[in-house]
Amino acid sequence: MNAPLPIVETVSLPHGSYQVLLGPGLLDSLGAACRRACAAMEVALVSDETVDSLHGAAAAAALEGAGMRVVHIVVPAGEASKSMEMAERCCREMTRGGLGRNSLVVALGGGVVGDLAGFVAAIHYRGVPYVQVPTTIVAQVDSSVGGKTGVNLAEGKNLVGAFHQPKLVLADSDLLATLPDREFREGFAEVIKHAAIRDPEMLDAVVALDPQARHDLAPLMARNVAIKARIVEADTEERSGLRALLNFGHTIGHGIEAEAGYGGMLHGEAISLGLRAALDLSVRHAGLSLGFAERVMRALRHFVLPTTLGPDFSTEGILKRLALDKKFESGAIRFVLLRAPGDAFVSSDLSVEQIAGAIERLRADMD
């Protein structure tokens, strides 16, 4: 039986559009899809040790089957690989492999690999094309779309990077079946974020899902990609403020993630805590109803995402991380709040004391 046709979402940008293909069984068509998207015949296939052991051979075979020469680059799994040192290593391996200005980078992995490989593509020979092949929920619904690439510093997450749009995103929903339970669940923090800021009805679809099920997810992934695509189209390089709405839950979430030490807490787990704090502040300072905040929290709990901050995190330490974050401008934190379901906005009116209070309230269990 023939595989179903993929769901196609187009990201239309002033300087070139690209397609996001979503559906089962797409990895086998990677080579042909890359040939359609880009003229390059030499490829750096970048993956991490975990994903490479599962899908690297199939991806390389698909590329080579389309007549492309592949240089395989494998980095350690985990957030620590999003570093300047690892970016330099990838560039050097590409150079030693003979990959020059006419090469292509294929990012096979989750958000870490996608951000790292995209950044490498942005800087190698001052920029080469790249293709995203996201293998996690977070990557398929969020980080693979929009062209944000980058690496972390010890001082904070994503502080070095570039806007560099992919030529193609190929999201094979079958690859989600290989995710460990914890990595599968954490991705739904980004799905729930999208629902809160743009598509409140999607919360019902999220809560109706079996948290153990790994099939028939492409339509939900596509629904999220459409949200991300429309925002990226309207604010490609985060100049108007609209794209900043995608940071709902991320200001405190990134601070918690950085304070945990990269790899100490999964991205979606930290964002879940950030979402609870952002909902709390939205209720207190933006008029959001307690009822909708609870709907969002119910969705987080449905996927067993953390909602209580442990005792090892100091409020002062998290606040210091916020001061180094890109969202901190001229002494004020640009914080995304919700006025109502689907109605997010950027506020610069919150005080440090108010934000500290929200962090402190994360220490109390939910009623």
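The preceding data block contains the structure.
Note that the structure is a prediction, hence the values are computed from the model and not measured.

Q: I tried to follow the nonpolar core on my own but got confused; where do I start?
A: Nonpolar side chains tend to gather and get buried jointly when the protein is soluble and globular. Ranked by size, the top nonpolar core spans 74 residues in total, and within it Ile137, Phe248, Ile252, Ile256, Phe335, Leu338 and Ile355 carry the most contacts. With sequence-adjacent residues up to four places away left out, isoleucine 252 is seen in contact with Gly274, Ala277, Ile318, Leu322, Phe335, Ile355, Ile359 and Leu362. Grouped together as the second largest cluster of nonpolar side chains are 26 residues, Leu26, Cys34, Ala40 and Leu45 included.

Q: Sorry, what's going on with the environment of alanine 171 here?
A: You can see alanine 171 is positioned in strand S9 (residues 168–172). For alanine 171, a relative accessible area of 1% translates into the label buried. Note: C-alpha distance between alanine 171 and valine 141 (30 residues apart in sequence) is 9.1 Å. Ignoring anything within four residues of it in the chain, the contact list for alanine 171 reads Leu21, Leu22, Gly23, Leu26, Pro134 and Gln140.

Q: Could you clarify how one ought to interpret the pattern of salt bridges in this entry?
A: A side chain of one charge can pair with a side chain of the opposite charge if their charged atoms are brought near each other. Tallied over the full model, the rule gives 24 salt bridges. In the salt-bridge network here, residues are joined through shared partners; they are Glu79, Lys82, Asp115, Lys157 and Glu257.

Q: What's the story with empty space enclosed by the protein in this structure? I'm lost.
A: The method is simple in principle: a probe with the dimensions of a water molecule rolls over the atoms, and the space it marks as empty is what remains. Under the defined criterion, the tally for this structure stands at 2 cavities of 30 Å³ or more. Lining the second largest cavity are Gly109, Gly110, Gly111, Gly114, Asp115, Gln132, Pro134, Ala139, Ser143 and Ser144. Elements with a contribution of two residues or more to the lining of the second largest cavity: helix H4 (111–123), strand S6 (130–134) and helix H5 (137–143). For the lining of the second largest cavity, the element with the highest residue contribution is H4, accounting for 3 residues. Class assignment of the residues belonging to the lining of the second largest cavity gives a composition of 2 nonpolar, 7 polar and 1 charged.

Q: I keep staring at the environment of aspartate 235 and nothing clicks. Help me out?
A: Note that aspartate 235 resides in the loop between helix H9 (218–234) and helix H10 (250–260). Given a relative accessible area of 3%, aspartate 235 falls into the buried group. Residues aspartate 235 and isoleucine 123, spaced 112 residues apart in sequence, show a C-alpha to C-alpha distance of 22 Å. Aside from chain neighbours lying at most four places away, what touches aspartate 235 is Ser240, Gly241, Leu242 and Arg243.

Q: How should I be thinking about the sheet that holds strand S4 (residues 69–75) in this particular structure?
A: The strands that make up a sheet pair up through hydrogen bonds in the backbone, lying either parallel or antiparallel. Strand order in the open sheet formed by 7 strands is S1-S2-S9-S6-S5-S3-S4, with mixed pairing between adjacent strands. Each edge of the open sheet is held by one strand with a lone partner, namely strand S1 (7–11) and S4. Taken pair by pair, the neighbouring strands of this sheet meet at an average axis angle of 15°, ignoring direction. As defined by bridge partners, strand S5 (residues 103–109) adjoins S6 across 5 bridges and the pair is classed as parallel. Residue pairing for S6: valine 106 is matched across the bridge by valine 131. In the packing of helix H1 (residues 30–37) onto the sheet, contacts are made with S5, S6 and S9, and the angle to S9 comes to roughly 160°. Along the sheet, helix H2 (residues 49–65) contacts strand S3 (42–48), S4 and S5; its crossing angle with S3, the most-contacted strand, is approximately 160°.

Q: Mind showing me how you'd approach the pairing of S1 here?
A: Consecutive residues of a regular strand have side chains that alternate between opposite faces of the sheet. Relative to strand S2 (residues 18–23), S1 runs antiparallel, the two sharing 5 bridges. Opposite glutamate 9, over in S2, you have valine 20 as the bridge partner. Linking S1 back to S2 in an antiparallel pair, the connection comprises 6 residues, with glycine 16 at a positive phi of about 130°.

Q: Would you mind going over the packing of helix H11 (residues 267–285) against helix H14 (residues 352–361) with me for this structure?
A: Helix-helix packing is described using two parameters, namely the angle between the two axes and the distance between the axes. Closest axis-to-axis distance for the H11/H14 pair is 9 Å, and the angle between their directions is 125°. Looking at the two axes, H11 sits oblique to H14. Note that H11 runs across H14; the crossing there is right-handed. Residues Arg276, Ala277, Asp280, Leu281, Arg284 and His285 of H11 pack against Gln354, Ile355, Ala358 and Arg361 of H14. Residues that form the contact of H11 with H14 fall into these classes: 4 nonpolar, 2 polar and 4 charged.

Basis of the calculations
Residues numbered from 1 in each chain as written. Predicted model: local features only at pLDDT ≥ 70, side-chain atom pairs only at ≥ 80, totals over all residues. Heavy atoms only, no water. Core = buried A, V, L, I, M, F, W, Y, C linked by side-chain atoms within 4.5 Å. Buried < 20%, exposed > 50% of the residue type's maximum accessible area, 1.4 Å probe, protein only. Contact = heavy atoms within 4.5 Å. Helix = DSSP H or I, 4+ residues; strand = E, 2+ residues; numbered from the N terminus. Salt bridge = Lys/Arg side-chain N within 4 Å of Asp/Glu carboxyl O. 1 Å grid on protein atoms, 1.4 Å probe; cavity = no way out; pocket = protein on both sides within 12 Å on 5 of 7 lines; lining within 4 Å. Points joined across faces, edges and corners; volume = space filled by probe spheres on them. Nonpolar A, V, L, I, M, F, W, Y, C, P; charged D, E, K, R; others polar. Pairing = 2+ DSSP bridges. Axes fitted to C-alpha atoms, helices over the stretch in contact; angles between N-to-C directions. Parallel < 35°, antiparallel > 145°, perpendicular 65-115°, else oblique. Left-handed = near helix turned anticlockwise from the far one by under 90°.

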